[in-house]
Structure formats: structure tokens, C-alpha cells
Amino acid sequence: MNNNIRVLLVDDHPVVRAGLRAMLADFEGVQVVAEAADGGAALAELSKLHTLGEPVDVVLMDLQMGPGMDGVTATGKIKAGEAGTPPPPVLVLTTYDNDADILAAVEAGASGYMLKDAPPEQIRQAVVSAAAGQTALAPEVAARLMGRIRNPVHALSAREVQLVELLATGMSNRAMAKQLFISEATVKTHLVHIYGKLGVDNRTAAIAVATQRRIIRSQ
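Participant: Quick one: what's the story with the overall build of the protein, residue by residue and with numbers?
Facilitator: Across its full length, the protein holds 10 helices and 6 strands. Scaling as 2.2 N^0.38, a compact globule of 219 residues should have a C-alpha radius of gyration of about 17 Å, and the protein matches this with 19 Å. For the protein, with 219 residues in total, the buried portion stands at 44%. At a minimum sequence separation of 6, the contacts of the protein that also span at least 24 residues come to 61%. Accessible surface, the protein as shown: approximately 10700 Å² in total, 54% of it carbon and sulfur. Across the protein, the 20 positively charged side chains and the 23 negatively charged ones have centroids separated by 7 Å.

Spelled out as C-alpha cells, the structure:
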């Protein structure tokens, strides 16, 4: 009987997948059973393996995957059971450690969030922890989340982080309101709070400070 932790590896770069597969192959008790290049392919693989009676124990998920379904969307669909299987834990493995990505992944249902430059042993332990139903966070990610908890007055809320991300794309207030299904007046209220927390008085400065503080990705 094979008691290995069965992993589905999801990343759009074949070379990265090959490197991760080689690294995971060195972990005793861990087995990569399938790969996918984007979120849509990951859902299909999960469904196929479930039909074959070979369920996945952990999905190791990248966030940005080119034109394919991104990791946050895929995580939400997996946790909602849209792959037609009992939802396995999703462990995010990415290069991004900004608030926007971390919060989005956690809200989508990710069981953990690790960085690709972490030591192999950290990644192995994260896979084991995720398979056991435990939370697995990179030290840098845990520190950012703890910072938000310890200083809630100055931390942007998840909604405010979303708005700053949209600001960085050049959206108007009306467009942001439509995107988030809220009123323009609510958008303006959020912007006032965002500017106050960031210590700025305009959009350009808000984007610059949010990027500098790793609240959003560099544009």
C-alpha cells in the first residue's frame, strides 16, 4: 500500500515544474502524481484522478499562470467542489509576498502560502502540514499577517487592498464601483480611508506607497 502524500503540481512554466518535481522527488513520503499548466487544467486533473480512484492529497498551486486560469480563482473553485471531488488542501507556492496576493489566496481557501525561494525542507514540511489539515505559512507571510493583526488601524482591509490594485490599473471610480458591485460613493469613502492609512492625498502616491510597502505587486 502506497502511503505517500499525493501531490498535484500546478505551474505554467515547464522548467519550474520540472525543478519542483525533482525537488519533491527527494522528499520521503511525497509523490507528484500529476501536473497542470493552469487552474483549468488543474480542475480537470483532479476530476480525472478522482474518477480513477486516485485522489490528490495536496495541490501545490502557483498564482499567476499566463492567460490560463489563475491560482486564486482555481483555489476557490477547488474548495467549492467544482472539480467534482472532496476538496483537497491547496498550498500556494509562488514568488509573490504582497498583501493583495496573500489575502486573496487565504480568502479563496488556501491552506498555506509558501515562497518558491524557501529552503526545500520548509516546502516539504508545508506539504506535510497541508496534507494533515494544518496551516502552513512562510515565515515572511506569517510576519505580514501578524503585522496586520497587531496594527489594524493602519492596515488596509481586504476591500481596500482590492481597490488599490484596481487603482494601479488606471480604473476610474465608476469602473471600480462596477467591478466590485458597490456604489461610487462607497468607492470614494474607501479612497479617503486608503489615503489616510497610506499618508497620501492622491492616486499616484497611493499606488507608489502601496507598491513600496508590498501591499500590491510592482506594476
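From this point on, the discussion continues.
Participant: I'd like a description of unusual backbone geometry, backed by residues and values.
Facilitator: The backbone of phenylalanine 181 sits at a positive phi, close to 60 degrees, despite the residue not being glycine. Within the secondary structure, phenylalanine 181 is located in the loop between α8 (173–180) and α9 (184–198). Judged by its relative accessible area of 78%, phenylalanine 181 is exposed. Backbone geometry at arginine 214 places phi at a positive 60 degrees, although glycine is not the residue there.

Participant: Describe the sheet that holds strand β4 (residues 90–94), with residues and values.
Facilitator: An order of β2-β1-β3-β4-β5-β6 is seen for the 6 strands of this open sheet, with the pairing classed as parallel. This sheet does not close on itself; its edge strands, each paired only once, are β2 (30–36) and β6 (136–137). Examined bridge by bridge, strand β5 (residues 112–115) and β6 share 2 bridges and lie parallel to one another. Bridged to glycine 112 within β6 is alanine 136. Contacts from helix α1 (residues 14–25) reach β1 (5–10), β2, β3 (58–61) and β4 within the one sheet, and its direction differs from that of β2 by about 165 degrees.

Participant: Summarise the pattern of salt bridges; cite the residues concerned and give the values.
Facilitator: Going through the model one piece at a time under the given rule, you end up with 14 salt bridges. Aspartate 62 serves as the salt-bridge partner of lysine 116, at 3.5 Å between the closest nitrogen and oxygen. In this pair, lysine 116 sits in the loop between β5 and α5 (120–131) while aspartate 62 sits in the loop between β3 and α3 (71–79), placing the two residues 54 residues apart along the sequence. The residue lysine 77 makes a salt bridge to glutamate 82 at a minimum N-O spacing of 3.3 Å. Each of the salt bridges in this network shares a partner with another, and the network as a whole consists of Asp11, Asp62 and Lys116.

Participant: Could you give an account of the packing of aromatic side chains, naming the residues involved and the relevant values?
Facilitator: Considering all chains together, one arrives at 0 aromatic pairs under this definition. One cation-aromatic arrangement involves arginine 217 over tyrosine 96; the distance from NZ or CZ to the ring centre is 3.8 Å.

Reading the values: the criteria
- Residues numbered from 1 in each chain as written.
- Predicted model: local features only at pLDDT ≥ 70, side-chain atom pairs only at ≥ 80, totals over all residues.
- Heavy atoms only, no water.
- Helix = DSSP H or I, 4+ residues; strand = E, 2+ residues; numbered from the N terminus.
- Rg over C-alpha atoms; globule rule 2.2 N^0.38 Å.
- Buried < 20%, exposed > 50% of the residue type's maximum accessible area, 1.4 Å probe, protein only.
- Contact = heavy atoms within 4.5 Å.
- Areas by Shrake-Rupley, 256 points an atom, 1.4 Å probe, with all protein chains shown as cover.
- Lys, Arg positive; Asp, Glu negative; His and termini not counted.
- Charge placed at Lys NZ, Arg CZ, Asp CG, Glu CD.
- Pairing = 2+ DSSP bridges.
- Axes fitted to C-alpha atoms, helices over the stretch in contact; angles between N-to-C directions.
- Salt bridge = Lys/Arg side-chain N within 4 Å of Asp/Glu carboxyl O.
- Phe/Tyr/Trp six-rings, centres within 6.5 Å; stacked < 30°, edge-to-face > 60°.
- Lys NZ or Arg CZ within 6 Å of the ring centre and 35° of its normal.

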